[in-house]
Amino acid sequence: MKVPFADFKKHYKQYQAEIDQAVSRVLNSGYFILGPELEKFEKEFAEFIGEGFVVGCASGTEAIYLALAACPVGSGDEVIVVAHTAVPTINAISMTGATPVFVDVDPQTYVMDVTKVESLITPKTKAIIPVHLYGQMVNMEPLLQLAAKYKLFVIEDVAQATGATYKGLAAGSIGDFGTFSFYPSKNIGAFGDGGAVFTKNKEHFDKLLMLRNYGQSKRYYHDIIGINSRLDEMQAAILSCRMQYLKVWNKRRREIASLYTKELASLIDVLQVPAIHADNEHVFHLYVIQVEERDHLQTYLMEQGVQTLIHYPIPAHLQKAYAYLGYEDGSLPVSEHIAARILSLPIYPELRDEQVKRVIDAVKAFLKNRKTKLCQLPVVQHSQTPVPAI
Ligand SMILES: *Cc1c(COP(=O)(O)O)cnc(C)c1O
C-alpha cells in the first residue's frame, strides 16, 4: 500500500462533476477577470472569516505583499516575523522594500514565541506578521497588546490555517489583515494559484482593491502605484464550490491527527507529537513530528511507500537570499533545532484510515530498532498551557 503525501487527481475525481460545471460556466460566460464569480466568492469567504471585506488576489505571497503595501510598509521599515515559515512570507516583506527582523518560535507549538517580540521592536518597526503555521494560531492576545502599545500593524499569515480558531475567533479576523493562500495543497485549495486578504477596515479594503488592479480607482485613473494580482474567474468559481466542504475537510484532518497522536504519543522519549494550545482549534494543514534521526526515518518511510516532506529544512535567516541580513548559525536556536528534527507525515481529507495505520506502523517499526533519544529543548512557561494533540 502506497501512501503519497498528496493526491490531487483523486481529489479532483471526487468532485469532478461540480468542478467541471463551474469551469464550463466561466468559459461560456466570456468573463475571466474581476467578474461576478470573484464577487460571489469574496462575499462567501468574508462571511466565513468574520465581519469585514475580502479582496481576492493571485497568491498567498501577494496577499501578504498587498496587506503590507496597504498599511503602508515599505523601504526603511522593519517587520517582525518568524524564520521558521514558508520563505514566501519573507519574500513578501522584501517585495515592499522593508527589512525582515526574525524572532524565534516556541519549541512545542512551532509558532512565534510572542514573549521574544518586544525586545526586537525599534523605532523602525512597522508591522508584525504572526504566521499560523501547520494549522495552529499564534498566541494572539499578548501580541495584540504589544501592537497596540507600539502602534504596529498586525498581518496574520493564514496560508496554513484557514478555518482555525483562537478563543473562538477565526484565523485572519483578529489582526489588521488576514492573508490567505489557495495553493492546491492548502486546506482550501484552488486548481492553480490564488490568494485573498481579509480586513475589517473599509479604507484598507478600498486601497487593496486599487493595489491589486494597477492602482486604479477607476479605469485609466491610477491614484496609487499598484500591481496586477487578481484571483481569476475560473479559480473563484472553483473555490466557491469548495467553500461548502472546508469544515468537513478540516474535521477529517483533525480526525487523522488524533489517529496519529493516539498511537505515537506514547513514544515520548524518541518522538514528539504536535502540541495544541488550549485556546486553539488546530486545523492540521500539516502533521509534524520530531525525531532525532529524521533523515533516516524519512528514507525508511520512503522505502515503505510512505511519502513525507520537511516543512522546512532551512529557516529563512539561513537561506542564501537572506545572507545579507547577517544572521549566523545559532542566532535562532529553537528554529534551527527543530529544522533538523521535524518531519511532516501525510495528512489530507482523502487519506484513508488504513493508510494512516500504515504510516503509524512504519514509524513504529523504525523506532523499535533505533532508540536514539530525542534531544528536547526546555519547555517555556507561557500564559497558555499547551496540551498534547488529541
Ligand atoms: C503557502 C504559503 C505562503 C505562500 O502562498 P502562495 O499562495 O504559494 O504564494 C505563505 N505563507 C505560508 C505560511 C504558506 O504556507
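This one's a predicted model, so the numbers in the text were calculated from it and none came from an experiment.

**What to know about the site of the ligand**
Then comes step 1: Residues in contact with the ligand amount to 15 residues; listed here are only the nearest, G60, T61, D157, S181 and K186.
Then comes step 2: Contact distances for the ligand include 2.8 Å between a nitrogen atom and a side-chain N or O atom of D157.
Then comes step 3: In the model, an oxygen atom of the ligand is placed 3.1 Å from a nitrogen or oxygen of the K186 side chain.
Then comes step 4: Taken by itself the ligand offers 380 Å² of open surface, and the protein chains cover 91% of this.
Then comes step 5: Secondary structure elements with two or more residues in the shell around the ligand: α4 (60-70) and α5 (88-96).
Then comes step 6: Taken together, the residues of the shell around the ligand sort by class into 5 nonpolar, 8 polar and 2 charged.

**Regarding the sheet that holds strand β16 (residues 342-345)**
Then comes step 1: Here we have 3 strands laid out as an open sheet, ordered β12-β15-β16, and antiparallel in their pairing. On the outer flanks of this sheet lie β12 (271-272) and β16, each paired with one strand and no other.
Then comes step 2: One ladder, built from 2 bridges, connects β12 with strand β15 (residues 287-291); its direction is antiparallel. When the sheet's bridge partners are listed, Q272 is paired in β15 with Q290.
Then comes step 3: With respect to the sheet, helix α9 (residues 246-264) is in contact with β12, β15 and β16, its orientation differing from that of β15 by roughly 20 degrees.

**Focus on the environment of K167**
Then comes step 1: Mapped onto the elements of the fold, K167 is located in the loop between β6 (165-166) and β7 (169-170).
Then comes step 2: K167 sits 28 residues away from N139 along the chain, and the two C-alpha atoms are 9.7 Å apart.
Then comes step 3: Setting aside residues up to four positions removed in sequence, K167 forms contacts with E141 and D279.
Then comes step 4: A polar contact of 3.1 Å, which involves the side chain of K167, links it to the side chain of E141.

**Points about helix α8 (residues 233-243)**
Then comes step 1: Burial runs high along α8: 10 of the 11 residues are buried.
Then comes step 2: Within α8, the full set of buried residues consists of E233, Q235, A236, A237, I238, L239, S240, C241, R242 and M243.
Then comes step 3: On its buried face, α8 is in contact with α1 (8-14), α2 (16-29), α3 (36-49) and α9.
Then comes step 4: Residue D232 occupies the N-cap position of α8, its side-chain oxygen lying 3.0 Å from the main-chain nitrogen of M234.

**A word on the packing of helix α10 (residues 294-303) against helix α12 (residues 353-369)**
Then comes step 1: Viewed as axis vectors pointing N to C, α10 and α12 meet at an angle of 130 degrees, and their least axial separation amounts to 10 Å. Judged on the interaxial angle alone, α12 and α10 are oblique. The two elements α10 and α12 cross, and the hand of that crossing is right-handed. Contact with α10, carried on its side by H296, L297, Y300 and L301, involves A362, V363, A365 and F366 of α12 and no other residues of that element.
Then comes step 2: Considering only residue class, the contact of α10 with α12 consists of 7 nonpolar, 1 polar and no charged.

**Regarding helix α6 (residues 140-150)**
Then comes step 1: All buried positions along α6 are accounted for by M140, L143, L146 and A147. Angularly, the buried residues of α6 cover 125 degrees about the axis, an arc narrow enough to put them on a single face. Exposed side of α6, more than 90 degrees from the buried face: Q145, A148 and K149 are the residues found there.
Then comes step 2: K151 sits one or two residues past α6 and shows a positive phi near 55 degrees.

**Brief notes about the sheet that holds strand β2 (residues 78-82)**
Paired through their backbone hydrogen bonds, the strands of a sheet run either parallel or antiparallel.
Then comes step 1: Strand order in this open sheet of 7 strands is β1-β9-β8-β5-β4-β2-β3, and the pairing throughout is mixed. Edge strands, defined here as strands with exactly one partner in the open sheet, are β1 (53-57) and β3 (99-103). For this sheet, the mean inter-axis angle between neighbouring strands, taken without regard to orientation, is 25 degrees.
Then comes step 2: α5 rests against β2, β3, β4 (125-129) and β5 (153-157) of the sheet, and its axis sits at about 175 degrees to β2.
Then comes step 3: Where helix α7 (residues 202-211) meets the sheet, it contacts β1, β5, β8 (177-181) and β9 (195-199), and its direction lies at approximately 15 degrees from that of β1.

**A look at the pattern of salt bridges**
Then comes step 1: Following the criterion strictly, the structure yields 18 salt bridges and no others.
Then comes step 2: As a salt-bridge pair, K364 and E263 come within 2.7 Å of each other at their nearest N and O atoms. With a gap of 101 residues between them, K364 in helix α12 and E263 in helix α9 connect regions that are remote in the sequence.
Then comes step 3: Residue E263 is classed as partly exposed on the basis of its relative accessible area, which comes to 33%.
Then comes step 4: Through salt bridges with shared partners, one network takes in K251, R252, E255 and D353.

**Points about a nonpolar patch on the surface**
Then comes step 1: Side chains of L27, F32 and I33 sit close together on the surface and give an oily, nonpolar patch of about 270 Å² of accessible area.
Then comes step 2: The residue I33 is located in the loop between α2 and α3 in this model.
Then comes step 3: Looking at I33, the relative accessible area reads 38%, which means it is partly exposed.

Criteria and thresholds
Residues numbered from 1 in each chain as written. Predicted model: local features only at pLDDT ≥ 70, side-chain atom pairs only at ≥ 80, totals over all residues. Heavy atoms only, no water. Near = heavy atom within 4 Å. Polar contact = N/O pair within 3.5 Å; in protein donor to acceptor, adjacent residues only side chain to side chain. Areas by Shrake-Rupley, 256 points an atom, 1.4 Å probe, with all protein chains shown as cover. Helix = DSSP H or I, 4+ residues; strand = E, 2+ residues; numbered from the N terminus. Nonpolar A, V, L, I, M, F, W, Y, C, P; charged D, E, K, R; others polar. Pairing = 2+ DSSP bridges. Contact = heavy atoms within 4.5 Å. Axes fitted to C-alpha atoms, helices over the stretch in contact; angles between N-to-C directions. Buried < 20%, exposed > 50% of the residue type's maximum accessible area, 1.4 Å probe, protein only. Parallel < 35°, antiparallel > 145°, perpendicular 65-115°, else oblique. Left-handed = near helix turned anticlockwise from the far one by under 90°. Arc of directions from axis to C-beta. Salt bridge = Lys/Arg side-chain N within 4 Å of Asp/Glu carboxyl O. Patch = residues over 30% accessible without salt bridge, like charges linked within 9 Å, V, L, I, M, F, W, Y side chains within 5 Å.

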